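Here is what each chain is made of, one letter per residue.
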Amino acid sequence: MTPLTNQRARRATHRAAARRRIALGAVCVASLGLPGCIEEDALPGAIDKVSMELESLAAPGTSIPGKQMRVDTYNEAISTLRPLVNEGTDAQKADAWLLIARSELGLAADPIAATSEARSELASAIAGIRAEVVSYREIAALAAAAESFDPADEIAELQGKILQRETEADGIRSQMAEVQNEIAGLEAQAAEARAAAQEHRRAEASLRSEMMSMSAQDALPLATQAAEQRSRADDLEADAERRMAEADVLRPQITAFESEIDRLADQRTLLEESVESLNAERESTAAEAADYRARATEIAGRVTAAIADANAYRTGPLRQGYDEAIAALEAAGESARKATGRRSASSMLSAEIMHSLGGAALAHADALRTFGRAIDEAISDAGITGGGIQTTLSTVLADADAAQSRGEEALREALDRYQSAGIGGEGAESIDDVVASINALLGEPVEDSIDFDADANPAG
């Protein structure tokens, strides 16, 4: 039921209550001067007495009567009139039934109020359930996010890069080893050449030493040999220098290889640290997810318990108050319909009673559907299914449908009786407003105003 519908219903109820007081006051006054009344008849006197007692409950300038006083007055009115209701004229009987209906309607006020308070209590419980469901969804979402964290692919990618760096480093080491071997070979060749040059230098020195004791003529062959030894030594030393120069050209490659190997080692270290970090994060996230899931489970338990408590209240105090209110209104409506001798007043009072009954039933249905939506949110939106709440939802919706049907049935009956009351003049406009508000409650189009003057029957 929308706020606008509630506002219209309240205005219609207030107007209906005012009209009921005016109409019943007129009935009570009319009953004092009915033709054919016999002074000593019990029913007319009882009608007068009950009329004054009922009117005194709402008399201007008087204090508001307490609950017990009202209940006692209404019960006394009913017990006074019922034994006499079959006496007197048809009009007197109708007056008696109207007063009985009015008293029964008065007795319905307390269970109606109790039902309204019970609906408020249920609404508070529903608000608590929804707050818990919101908390559950938030924690469950955090748990799901934490549970979805799986760095396996990222770790595999990092491990692939680590292997790639190791492979590259091995390749560079292999190249460096080849260059190192080449340098070693050149150095060995240079050392060999120097050693050979040393031998030739010693041979030259020996020959020149020998020449010292010879004549120039005799020493000439030895001089030639010594020159040859020196030339060979010079060639070998030159070859050694050339080999060393070639080795020196290759040495910077070794430095470059070592730098590249160090760079790859640093990258591998960083990648390994990243893998360790991801593994640690996976462990901590798993622990976090378990904590979130445990908290979500705890909240889900509170939700199911809150739904069970709210349902116990629904099937206990709320249903008891609602059943009592509906039973009281139905009894009042039945009594009002028996006032056939006052057709217009009977139709108006029974219409207003059915109007109240329909509003109470629709309010009850709306409260139950609100409860049902809260349960459905827990099931459908949050995924909470424990505690048999699905079965609870089914029974709540079934009861809501039953209350909705009863309310619509009562409102349609109220429509029929309002429209058959035969109220003319200014009252017809008020009836139009009430009919329009009922049509709005029923979700039906508002029909054109009905001219009640045409069917007015003051004698009814």
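Residues numbered from 1 in each chain as written. Predicted model: local features only at pLDDT ≥ 70, side-chain atom pairs only at ≥ 80, totals over all residues. Heavy atoms only, no water.

## With respect to the overall build of the protein
Under the convention used in this document: Each helix is a run of H or I in the DSSP string that is no shorter than four residues. Each strand is a run of E no shorter than two, and both are numbered from the N terminus. Residue contacts follow a heavy-atom distance rule, with two residues in contact if any of their heavy atoms lie within 4.5 Å. For the area figures, the Shrake-Rupley method with a 1.4 Å probe applies, and any residue is considered shielded solely by the protein chains shown.
Regarding its fold elements, the protein presents nine helices and zero strands. For the protein, the N- to C-terminal ordering of α and β elements is α-α-α-α-α-α-α-α-α. Nonlocal contacts in the protein, meaning residues at least 24 apart in sequence, comprise 82% of its contacts between residues at least 6 apart. In the form shown here, the protein has an accessible surface area of approximately 23900 Å², with 52% of it arising from carbon and sulfur atoms.

## Points about the nonpolar core
Inclusion rule: Only buried Ala, Val, Leu, Ile, Met, Phe, Trp, Tyr and Cys residues count toward a nonpolar core, and they belong to the same one when joined by side-chain atoms within 4.5 Å. For every residue, the accessible area obtained with a 1.4 Å probe (protein chains only) is divided by the maximum for its type, and the residue is called buried under 20%, exposed over 50%, and partly exposed between those limits.
Core analysis: the biggest nonpolar cluster contains 51 residues, and Leu54, Leu81, Leu349, Ile353, Tyr418 and Ile438 have the highest contact counts within it. Elements represented by at least two residues in this core include exactly α2 (42-57), α3 (67-81), α4 (90-147), α6 (216-337), α7 (343-381), α8 (389-419) and α9 (426-442). Here this core gets 10 residues from one element, more than from any other, and that element is α7. Residues contacting Ile438, with those up to four places away along its chain left out, are His355, Leu411, Ala414, Leu415 and Tyr418. Counting 30 residues, the second largest nonpolar core, distinct from the first, contains Ala118, Ala296, Ala367 and Ile375.

## Details of the packing of α2 against α4
Definition in use: To obtain an axis, a line is fitted to C-alpha atoms, over the contacting stretch when the element is a helix, and the angle between two such axes runs from 0 to 180 degrees between their N-to-C directions. Geometric relationships in this document are graded by angle, where less than 35 degrees denotes roughly parallel, more than 145 denotes roughly antiparallel, 65 to 115 denotes roughly perpendicular, and other angles denote oblique. It is the rotation of the near helix from the far one that decides the hand of a crossing: anticlockwise by less than a right angle makes it left-handed, clockwise makes it right-handed. For this classification, the nonpolar set comprises Ala, Val, Leu, Ile, Met, Phe, Trp, Tyr, Cys and Pro, the charged set comprises Asp, Glu, Lys and Arg, and every other residue, Gly included, is treated as polar.
Running from N to C, α2 and α4 point in directions that differ by 30°, and their axes come no closer than 10 Å. Viewed along their axes, α2 and α4 adopt a mutual orientation that is roughly parallel. Crossing angle aside, the handedness with which α2 passes α4 is left-handed. Between α2 and α4, the contacting residues are Leu43, Pro44, Ile47, Val50, Ser51, Leu54 and Glu55 on the first element and Gln92, Lys93, Asp95, Ala96, Leu99, Arg102 and Ser103 on the second. For the contact of α2 with α4, a count of residues per class yields seven nonpolar, three polar and four charged.

## A short note on the environment of Arg251
Among the secondary structure elements, Arg251 is positioned in helix α6. For the pair Arg251 and Ile183, spaced 68 residues apart in sequence, the C-alpha separation works out to 7.4 Å. Residues contacting Arg251, with those up to four places away along its chain left out, are Ile183, Glu187 and Met244.

## Digging into the confidence of the model for the protein
Put simply, the rule is: Confidence per residue, as judged by the predictor, is encoded in pLDDT with a range of 0 to 100.
Put simply, the protein has an average pLDDT of 85, and 84% of its residues get 70 or more. In this model, residues 1-40 is a region of pLDDT below 50 whose contacts with residues beyond four sequence positions or in other chains number 47 contacts.

## Examining α4
What counts is decided by this rule: Here the expected length of a helix is defined as 1.5 Å per residue gap, with one fewer gap than residues. A residue's bend is the angle separating two fitted axes: one through the seven residues that end there, the other through the seven that start there.
Spanning 58 residues, α4 covers 80 Å between terminal C-alpha atoms, matching the ideal 86 Å at 1.5 Å per step. Along α4, the helix axis deviates most sharply at Ala109, where the bend reaches about 25°; the proline Pro111 sits within four residues downstream.

## With respect to the environment of Met176
Within the fold, Met176 resides in helix α5 (residues 152-211). According to the relative accessible area criterion, Met176 is buried, its value standing at 12%. Taking the C-alpha atoms as reference, Met176 lies 7.5 Å from Gln253; in sequence the two are 77 residues apart. Setting aside residues no more than four positions away along its own chain, Met176 makes contact with Ile254, Phe257, Glu258 and Ile261.

## Quick notes on the pattern of salt bridges
Stated formally: One side-chain nitrogen of Lys or Arg within 4 Å of one carboxyl oxygen of Asp or Glu is enough to make a salt bridge.
Counted by the stated rule, this structure contains 35 salt bridges. Close ionic contact of Asp248 with Arg251 constitutes a salt bridge, the shortest N to O distance being 2.2 Å. Separated by three residues within a single helix, Asp248 and Arg251 lie in helix α6, roughly one turn from each other. Owing to a relative accessible area of 44%, Asp248 belongs among the partly exposed residues under this scheme. A residue is classified by how much of its surface remains accessible, and Arg251, at 27% relative accessible area, is partly exposed. Between Arg337 and Glu413 there is a salt bridge, and its shortest N-O distance comes to 2.7 Å.

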